Protein chains: 2
Amino acid sequence: MTPKPTLAVVGATGAVGSVMLQMLTHHADVWGEIRLLASPRPSGLPPALDATRAGGSRTASVRGEECEILALSEEALEGVDVALFLVPDEVAARWAPIAATKGAVVVDTSAAFRADPDVPLVVPETNAHAARVRPRGIVASPGCTTLALIVAVGSLHAEFGLDELVVTAQQAASGAGAGQDGAEALRAQLGLVAGHDDLGTHPGDVRRAVGENTGPFPGPLALNVLPWSGTPGADGASSEEERVRDETRRILALPALRVAATCVRVPVVTGHSVSVHARFERPVPLDRAHEILATSPGVVLYDDPAAGDFPTPADVVGTDPAWVGRVRRSMDDERALDFFVCADNLRKGAALNALQIAESVVATL
Amino acid sequence: MTPKPTLAVVGATGAVGSVMLQMLTHHADVWGEIRLLASPRPSGLPPALDATRAGGSRTASVRGEECEILALSEEALEGVDVALFLVPDEVAARWAPIAATKGAVVVDTSAAFRADPDVPLVVPETNAHAARVRPRGIVASPGCTTLALIVAVGSLHAEFGLDELVVTAQQAASGAGAGQDGAEALRAQLGLVAGHDDLGTHPGDVRRAVGENTGPFPGPLALNVLPWSGTPGADGASSEEERVRDETRRILALPALRVAATCVRVPVVTGHSVSVHARFERPVPLDRAHEILATSPGVVLYDDPAAGDFPTPADVVGTDPAWVGRVRRSMDDERALDFFVCADNLRKGAALNALQIAESVVATL
C-alpha cells in the first residue's frame with residue numbers, strides 16, 4: 001500500500017488558512033501528514049497574528065489534533081507532496097517555486113502566477129483537465145470574485161457559448177487585506193458608527209466617525225459602498241476588475257472574450273455577490289438555463305423571489321457552493337440572461353477551490 | 001405685481017417631505033404661501049409618524065417659521081398653484097387628480113403616473129421641455145434609481161447616442177418603505193448585530209440575529225446585500241428594475257432602448273450607487289466624455305481613484321448633484337464606457353428633482 005501523501009498548508013494562520021483547517025477536518029481524509037506552516041508577517045502588522053514571532057510558538061487544530069505551526073523555510077518544505085499556498089502574492093512569488101523545486105505540487109491561491117502561461121489556472125468544475133499540465137509544478141487558483149461567478153457562467157457557456165459578460169461584484173470585507181484585517185476593520189467601523197442615529201445623513205459624516213480606522217479599505221466601509229478594490233490597473237480599471245476579466249478568459253479559454261467588470265466593496269463580513277449580465281452565441285431557453293444551473297456540480301439554484309428565495313451573502317456564508325438566483329431574460333434578447341450569484345469568498349473563493357485542486361492532483365500522483 | 005404662487009407640500013412628514021422642507025428654506029424663495037399637508041397613515045403603521053391622528057396636531061419648520069400640518073382634504077387643496085406630492089403611490093393616485101381638478105399643477109414623485117402617456121416624466125437637466133405639455137395637469141418625477149443615473153447618462157446620450165445600458169444599482173435603505181421606515185429598520189438591525197463579532201461567518205446567523213425586524217426589506221439588510229427591491233414585475237424582474245428601464249426609455253425618448261437593470265439593497269442609510277456599462281451609437285473619446293461630465297449641470301465629476309477620489313454614498317449624502325467617478329473605456333470598445341454614479345435618493349432622487357420641476361413650472365405659469 002502506498003503511504004498517503006504529505007500536505008503542507010502554507011499560511012495556516014490567516015482568514016483562508018483557518019477555513020482550510022476546518023475543511024481538512026471535514027473533507028475525505030486523503031492525506032498522511034498535514035504540516036502547518038506560516039510566514040512571518042510583514043512588519044507593521046499586528047504581532048498577535050504573527051504565529052512565527054520570537055518566542056511565540058503556536059498550534060492550530062486540524063483533524064481533531066493540535067499541530068504546531070512551523071515557520072516557513074526550505075527545511076520545512078522537505079518531503080511535501082502537495083503544498084497549499086494561502087499567503088500574500090509576494091510570499092507566494094518567493095516560496096512557491098522553492099516548494100516546487102523540492103518536489104511538491106504547489107496549489108497557489110495568490111495572484112502571483114495566475115497570468116503565467118506555464119501555470120494552469122483551474123476551477124475543477126469548469127476546467128479540471130487544465131491541472132494535468134503544470135510545467136512549473138504550480139497550479140493557480142483564481143481570485144475570489146472570479147470564483148464566485150465562474151462555475152455558473154462556465155456551465156452555461158458549455159452549452160450556449162459565452163459572447164459577452166458585464167458584471168458588478170459586491171465584495172465582502174474579508175476579501176481585503178492580509179489575514180483577518182478586512183473583517184476586523186469592518187467590525188471596528190461598525191462599532192464606531194453604532195448608536196449614532198444621525199450618521200449617514202450628512203456629507204462625509206460616516207468618514208469623520210470612522211476617521212483613520214479604514215483598515216485595508218480606501219475609505220469608510222460601514223454604512224457605505226466603496227467603488228474601488230485592489231490597486232490601480234491599466235486604463236482606469238482596478239486590479240480586481242482586471243483579474244475578473246483575465247481569469248475568466250483563461251479559465252474558459254476565450255482569450256478575446258468581451259468582459260466589463262466593476263468591483264465595489266460592501267459592508268458584508270464574508271460572501272461575495274455578483275450581478276451578472278451574460279450574452280451567448282446561441283439562444284438560451286430560460287427553462288434550459290434553469291435546468292443547467294439546477295444540476296451543475298458546485299451550483300445551487302435558489303430562485304423564487306416572490307417567495308423570498310434568492311441568495312444573499314449573509315445566508316450563504318460558510319457554505320461550499322455558488323448560489324444562483326434572479327435568473328431572467330435580459331433585454332428581450334433570446335441570447336441574453338441576467339442573474340445574481342453569491343459565494344463564500346473564503347471557501348469556494350479560496351480555500352475550497354484550492355483543496356479541490358489538491359485532491360484532484362493527488363488522484364493522479 | 002402678481003402675488004407669488006401658493007405651494008402645497010403633500011406628504012410633509014415623510015423622509016422626502018422633511019428634506020423638501022429643508023430645501024424650501026434654502027432655495028430661491030419663489031413661493032408665497034407654503035401649505036403643509038399630510039395624508040393619514042395606512043392603519044398598521046406606527047402612529048408616532050401619523051401627523052394627522054386624532055388629537056395630534058403637529059407643526060413643521062419651513063423658511064424659519066413653524067407651520068401647522070393640515071390633513072389632506074379637498075378643502076386644503078383650494079387655491080393651490082403648485083402641489084408637490086411626496087406620498088405613496090395609492091395616495092397620489094387618488095389625490096393628485098383632485099388637486100389638478102382644483103387648478104393646481106401637480107408634481108408627483110410617486111410611481112402612480114410615471115407610465116401615463118398624458119403625464120410627462122421630467123428631469124429638468126435632461127428633458128425640461130417635456131414639462132410644458134401636461135394634459136392631466138400632472139408632471140411625474142422619476143424614481144430615485146433612475147434619477148441617480150439619468151443626468152449623467154443623458155448628457156452623454158445627447159452627444160453620442162445611447163445604444164445599450166447595463167446597470168446594477170446599490171440602493172440605500174431610505175429608499176424603501178413609507179416615511180422613515182427603511183432607515184429606521186436598518187438602524188435597528190445594526191443595533192441587533194453590533195458587538196457580535198462572530199456574526200456574518202455562519203449560514204443564516206445574521207438572519208437569526210435580525211429575526212422579524214426586517215422592516216420593509218425582504219430579509220436582513222445589516223451585514224448583507226439583498227438582490228430584490230420592490231414588487232414582482234414581469235419575467236422575473238422586480239418593479240424597481242422595470243422602472244429603471246421604462247423611465248430611462250421615456251425620459252430619453254428611446255422607446256426601444258436595450259436596458260438590463262439589477263437593483264440590490266445595501267446597508268447604507270441614504271445614497272444610491274449605480275454601476276453603469278453604457279454603449280453608444282458613435283465612438284466616445286474618453287477625454288470628451290470627461291469634459292461632458294465635468295461641465296454638465298447637475299453632475300460632479302470626481303474621478304481620480306489613485307488619489308482616493310471616487311464618489312461613495314456616505315460622502316455624497318445630503319448633496320444635490322449626481323457624482324460620477326470611475327469613468328473608463330469598457331471592453332476595448334470605442335463606443336463603450338463604464339462608470340459609477342452616486343446621488344442622494346431623497347434629494348436629486350426625489351425632493352430636489354420635484355422642486356426643480358415645480359420651479360420651472362412656476363416660471364411659465
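Given the structure is predicted, the values throughout are model-derived calculations rather than measurements. Each chain has its residues counted from 1, running along the sequence as written. The lettering of chains begins at A and the numbering of ligands begins at 1, in the order of writing. Local features in this predicted model are restricted to residues of pLDDT 70 or higher, and side-chain atom pairs are both shown and tallied only at a pLDDT of 80 or more, whereas totals for entire chains, interfaces and linings draw on every residue. For side-chain calculations, the full set of non-hydrogen atoms in the structure is used, while hydrogens and water are omitted.

1. Here's the deal with the sheet that holds strand S12 (residues 322-330) of chain A
All names here are of chain A.
- Pairing within the open sheet is mixed, and its 6 strands lie in the order S9-S8-S10-S13-S12-S11. Only two strands of the sheet have a single neighbouring strand rather than two, namely strand S9 (258-265) and strand S11 (299-301). Mean inter-strand twist for the sheet, computed between neighbouring axes without regard to direction, equals 25°.
- By the convention used here, strands pair only if DSSP detects at least 2 bridges between them. Each helix is a run of DSSP H or I of at least 4 residues and each strand a run of E of at least 2, with the numbering of both proceeding from the N terminus. As judged from the 8 bridges shared by strand S10 (residues 272-280) and strand S13 (residues 333-343), these two strands associate in the antiparallel manner. Within S13, the residue paired with Val 274 across the bridge is Val 341.
- Of the strands in this sheet, strand S8 (162-171), S9, S10, S11, S12 and S13 are in contact with helix H4 (residues 144-160), which crosses S10 at around 25°. Every axis corresponds to a line fitted to the C-alpha atoms, with the helix fit spanning only the stretch in contact, and the corresponding angles, defined between N-to-C directions, vary from 0 to 180 degrees. It only takes one pair of heavy atoms within 4.5 Å for two residues to be counted as in contact.

2. Overview of empty space enclosed by the protein
- Residues are called lining when one of their atoms sits within 4 Å of a cavity or pocket point, these points coming from a 1 Å grid over the protein atoms alone, where a cavity is a set in which a 1.4 Å probe fits but cannot get out and a pocket is an open set with protein on both sides within 12 Å along at least five of seven lines. Grid points are joined across faces, edges and corners, and a volume is the space filled by probe spheres set on the points. Scanning the entire structure with this criterion turns up 2 cavities of 30 Å³ or more.
- Together, 13 residues line the largest cavity, and A:Ser275, A:His277, B:Val166, B:Thr168 and B:Thr262 are the ones closest to its centre.
- Mapped onto the lining of the largest cavity, the elements with two or more residues apiece are S8 and S10 of chain A together with strand S8 (162-171) and strand S9 (258-265) of chain B.
- Classification used: nonpolar for Ala, Val, Leu, Ile, Met, Phe, Trp, Tyr, Cys and Pro, charged for Asp, Glu, Lys and Arg, polar for all others including Gly. Considered class by class, the residues forming the lining of the largest cavity number 7 nonpolar, 5 polar and 1 charged.
- By volume, the second largest cavity is sized at about 50 Å³.
- For the second largest cavity, the full set of lining residues is A:Val166, A:Val167, A:Thr168, A:Ala260, A:Ala261, A:Thr262, B:Val166, B:Ser275, B:Val276, B:His277 and B:Asp338.
- Those elements giving two or more residues to the lining of the second largest cavity turn out to be S8 and S9 of chain A together with strand S10 (272-280) of chain B.
- Grouping the constituent residues of the lining of the second largest cavity by class yields 6 nonpolar, 4 polar and 1 charged.

3. Thoughts on the interface of chain B and chain A
- With 66 residues of chain B in contact, the opposing surface of chain A contributes 66 residues.
- Buried area is calculated as the accessible area (1.4 Å probe) missing from two parts once they are joined, with the contributions of both summed. When the two sides are added together, the surface that chain B and chain A hide from each other amounts to roughly 5,200 Å², 57% of it contributed by carbon and sulfur.
- Basic side-chain nitrogens of Lys or Arg form a salt bridge, by our definition, when they fall within 4 Å of a carboxyl oxygen of Asp or Glu. In this structure, the connection of chain B to chain A is made through 10 salt bridges.
- Notably, a salt bridge pairs B:Glu241 with A:Arg328, separated by 3.7 Å at the nearest N-O pair.
- Two N or O atoms count as a polar contact when they lie within 3.5 Å, although within protein this holds only if one can serve as hydrogen donor and the other as acceptor, and sequence-adjacent residues are included solely when both atoms are side-chain atoms. For the pair chain B and chain A, the number of links is 28 residue pairs in polar contact (both at pLDDT 80 or more).
- Elements with a minimum of two residues in the side of chain B that touches chain A: S8, helix H5 (181-193), helix H6 (205-210), S9, S10, helix H9 (313-316), strand S12 (322-330) and strand S13 (333-343) of chain B.
- For the side of chain B that touches chain A, the element with the most residues is S9(B), which contributes 6 residues.
- When the residues that make up the side of chain B that touches chain A are grouped by side-chain class, the tally is 33 nonpolar, 18 polar and 15 charged.

4. Considering the confidence of the model for chain A
- pLDDT: the predictor's confidence for each residue, scored from 0 to 100. Across chain A, the average pLDDT comes to 93, with 95% of residues at 70 or higher.
- Low pLDDT (under 50) marks residues 43-55 of chain A, which in the prediction has 22 contacts with non-local residues, meaning those over four places away or in another chain.

5. Side note on the sheet that holds strand S4 (residues 65-71) of chain A
Residue and element names in this part refer to chain A.
- An order of S3-S4-S2-S1-S5-S6-S7 is seen for the 7 strands of this open sheet, with the pairing classed as mixed. The open sheet has two free edges, formed respectively by strand S3 (59-62) and strand S7 (138-140), since each of these has just one partner strand. Geometrically, the sheet is characterised by an average inter-axis angle of 25° between neighbouring strands, direction not taken into account.
- Bridge count between strand S1 (residues 7-10) and strand S5 (residues 82-85): 4 bridges; the pairing is parallel.

6. Some remarks on the environment of B:Glu184
- Checked against the element boundaries, B:Glu184 lands in helix H5.
- It is 8.2 Å that separates the C-alpha atoms of B:Glu184 and B:Gly215, two residues lying 31 residues apart in sequence.

7. Observations concerning helix H1 (residues 15-26) of chain B
- Here a helix's expected span is defined as the number of its residues, less one, multiplied by 1.5 Å. Under the 1.5 Å per step criterion, the end-to-end length of H1(B) is 18 Å for 12 residues, consistent within 8% with the ideal 16 Å.
- All of the buried residues along H1(B) are B:Ala15, B:Val16, B:Gly17, B:Val19, B:Met20, B:Leu21, B:Met23 and B:Leu24. For every residue, the accessible area (1.4 Å probe, protein chains only) is compared with the maximum for its type, and the residue is labelled buried under 20%, exposed over 50%, or partly exposed between those bounds.

8. A closer look at the nonpolar core
All names here are of chain A.
- By convention a nonpolar core is built from buried Ala, Val, Leu, Ile, Met, Phe, Trp, Tyr and Cys residues, the set being connected through side-chain atoms within 4.5 Å. Core analysis: the largest hydrophobic core is formed by 61 residues, its most contacted members being Phe 85, Leu 156, Leu 162, Leu 165, Val 276 and Phe 339.
- Counting residues per element, this core draws most heavily on H4, at 9 residues.
- By convention here, the domain bounds are inherited from an automatic or database domain assignment. Taken together, domain 1 (7-142 + 350-362) and domain 2 (146-345) each give at least three residues to this core, which thus spans both.
- Residues within four places of Leu 156 in sequence aside, it is in contact with Gly 161, Phe 280, Ala 289, Ile 292, Leu 293, Leu 337 and Phe 339.

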